[in-house]
Amino acid sequence: MQSLYRLGVAEVVQGVTSREFSAEEYIHQLLERIERVEPKINAFITVSKSSIDQARIIDRKIRDGEKVGPLAGVVVAIKDNICTKGMRTTCASKMLDDYVPPYDATVVDRLQQAGAIVIGKTNMDEFGMGSTTEFSRHGATRNPWDINKVPGGSSGGSAASVAALECTVSLGSDTGGSVRCPASFCSVVGFKPTYGLVSRYGLVSYANSLEQIGPLGKTVSDVASVMNVIAGFDEKDNTTAAGRPSYSVDKRPLRVGLVKEFVEGADEQVSKIISNSLDVFAKVGCQCEETSVASVQYALPSYYTIATAEASSNLARYDNIRYGFDMNPEGYEWNTYFSKARSNFGEEVKRRIITGSYVLSSGYYGKYYLKAQQARSILIRDLKSLFKKYDVLVGPTMPILPFNMGEKVDNPLTMYLVDVDTVVANLTGIPAISVPAGFARNGMPVGLQIMADAFCEQTLIDAASMFETEAKVQRSPEL
Ligand code: GLN
């Protein structure tokens, strides 16, 4: 029998709608695959058996000649901080251990309307705070290319499930790189849209001014197909921009700038692979040169100041009264109950809440939070002017190769440093994508990050797909 689990979006839709195979056959193959590889990878927190019923509904509609959507039969895995009606949504935290949302996030609703099937919820760092998917109540996710290495994070389950061929595509959330970092470490494509392009309704907030939901897939065309369904105005999220855009995969010569600061700060093997990517762009007729954005040096400290500040405020709602885990409030005085309940956050989350409260405190607000916002404005201004000269800016997604599990969990600062190249897009709101760029000597993947000006996703998709077609690095790990 054909290995259906290897197929991309267009092939699945074509196969299911032409009745070459059924959505049910396809989902069965994926569920079998999950059963086989999950003991090694641990990409999922919840696997949904009701996905089989969803597949049967699609098959019945096709048999009856009813209209089906553009993603008919496509199987998606959803990060566990995106609400799914009737399906547990834990954020990999004890605080939401039993939380079953009474509603779907807009992105989930749109995917299902388009005929996609939700296969389950993926593992992540607690509330999205981390870069390795090790800070999860459900155990760490492992990198499908080497199970002793981290898959990146915080959407590690979403990236690993795509790389390990456990779904067609997945959704992650990207506050400071959480879609692109694991995409790079697992050698898949990860897309962080412009702030305001994709609805955040139903996304559990970590740092609202920075984050966006974004797709991960095996190819640029797969993530573009998902964007076509999830992007656009949503009346339930008043930060979304007007319109419902639609993207295609085109080829055209672009002006490409390689950001010097990103390349210089990276591991030597990573820098080499990324610098070579310019030859790939040149070969397809792009105009390439090195450029510099000095203010990117302020990005990381600004990000960790703003992100923790917003997190400390967002996470204040977890009091274990309205939802949470089993802890009887009987006999407790309010403050004691509240602090005892909140001691159940993981170490990293507690660290963020404490840091965030500190940078917002009246004595230090000006010194930290305000300063970070000023640096953010400078960065926005500098990039805006650079995008007059270049259509896209490129560099490594991650400055280092995927590292060993456990290597950085006890050292928060070294963990934070790995986000140095991704946080720029979140602070400035611009779109960015990570595309597989090659492999290091130890067989570990390297991702190329491409950034474009706000709402220029079509340019980004064009650049990424030209690179993908020409560089031909995509392949799947042996599992
Ligand atoms: N690693 C970054 C952080 O911990 C980014 C996380 C994210 O994008 N959700 O904040």
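First, a word on what this report is: a plain description of the structure on this page. Note that residues are indexed from 1 along each chain, following the sequence as it is written. With pLDDT at 70 or above as the cut-off, local features in this predicted model cover only qualifying residues; side-chain atom pairs require 80 or more to be listed or tallied, and sums for whole chains, interfaces and linings still use all residues. Hydrogen atoms and water are omitted, and side-chain values are computed over all heavy atoms in the structure.

1. Quick look at the pattern of salt bridges
Moving on, step 1. Here, a salt bridge means any Lys or Arg side-chain nitrogen found within 4 Å of an Asp or Glu carboxyl oxygen. The tally for this structure, following the rule as stated, stands at 17 salt bridges.
Moving on, step 2. As a salt-bridge pair, R88 and D97 come within 3.6 Å of each other at their nearest N and O atoms.
Moving on, step 3. Relative accessible area decides the class of each residue, using a 1.4 Å probe on protein chains only: under 20% of the type maximum gives buried, over 50% gives exposed, and in between gives partly exposed. By relative accessible area, R88 is classed as partly exposed at 27%.
Moving on, step 4. Judged by relative accessible area, D97 falls into the buried class, the value being 14%.

2. A word on the sheet that holds strand β8 (residues 287–291)
Moving on, step 1. Two strands qualify as a pair provided that DSSP identifies no fewer than 2 bridges between them. In this description a helix means any DSSP run of H or I spanning at least four residues, a strand means any run of E spanning at least two, and both kinds are numbered starting from the N terminus. Pairing within the open sheet is mixed, and its 11 strands lie in the order β1-β3-β2-β4-β6-β5-β10-β11-β9-β7-β8. Among the strands making up the open sheet, the edge pair consists of β1 (44–47) and β8. Within the sheet, the average angular offset between the axes of one strand and its neighbour, ignoring direction, is 25°.
Moving on, step 2. The pairing of strand β7 (residues 255–259) with β8 spans five bridges and is classified as parallel. Among the inter-strand pairings, L258 is bridged to a residue of β8, identified as E290.
Moving on, step 3. Strand contacts of helix α2 (residues 23–41): β1, β2 (75–79) and β3 (117–122), with the helix running at about 15° to β3, the strand carrying the most contacts. Between N-to-C directions, angles cover 0 to 180 degrees, with each direction set by a line fitted to C-alpha atoms, over the stretch in contact for helices. Throughout, a residue-residue contact means that at least one pair of heavy atoms, one from each residue, lies within 4.5 Å.

3. As for unusual backbone geometry
Moving on, step 1. Residue G153 is joined to S154 through a cis peptide bond whose omega torsion reads 5°.
Moving on, step 2. In this fold, S154 is placed in the loop between β3 and α5 (156–163).
Moving on, step 3. With a phi angle near 55°, F127 is a residue other than glycine that sits in the positive phi range.
Moving on, step 4. Take F127: it is sitting in the loop between β3 and α5.
Moving on, step 5. Of note in this structure, S187 is not a glycine but carries a positive phi near 60°.
Moving on, step 6. Within the secondary structure layout, S187 lies in the loop between α6 (180–186) and β5 (189–192).
Moving on, step 7. Residue S187 is classed as buried on the basis of its relative accessible area of 4%.

4. Quick notes on the side chain of R33
Moving on, step 1. Positionally, R33 belongs in helix α2.
Moving on, step 2. Neither His nor the chain termini are counted; the positive set is Lys and Arg, and the negative set is Asp and Glu. Here R33 is buried and forms no salt bridge, its nearest opposite-charge partner E166 lying at an N-O distance of 6.9 Å.
Moving on, step 3. When neighbours within four sequence positions are excluded, R33 is seen to be in contact with Y5, A164, L165, E166 and L479.

5. A short note on the packing of aromatic side chains
Moving on, step 1. Geometry of aromatic contacts follows a simple scheme: Phe, Tyr and Trp rings, the Trp one being its six-membered ring, pair when their centres are within 6.5 Å, and the pair is stacked under 30 degrees between planes, edge-to-face over 60, tilted otherwise. What the rule picks out here adds up to 16 aromatic pairs.
Moving on, step 2. Note on F127 and F345: the rings are 6.1 Å apart at their centroids and 70° apart in plane angle, and the pair reads as edge-to-face. One end of the pair, F127, is in the loop between β3 and α5; the other, F345, is in the loop between α11 (334–342) and α12 (347–360), and 218 residues separate them in sequence.
Moving on, step 3. Classification of F345 as buried rests on a relative accessible area of 3%.
Moving on, step 4. Taken together, the aromatic side chains of F127, Y318 and F345 make up a single cluster linked through ring pairs.
Moving on, step 5. The lysine or arginine in question, K408, covers the ring of F403, its NZ or CZ lying 4.9 Å from the ring centre.
Moving on, step 6. The positively charged end of R475 is found above the aromatic ring belonging to F439, 4.0 Å away from the centroid. Each ring is checked for a lysine NZ or an arginine CZ that lies within 6 Å of its centre and within 35 degrees of its normal; such an atom marks a charge sitting over the ring.

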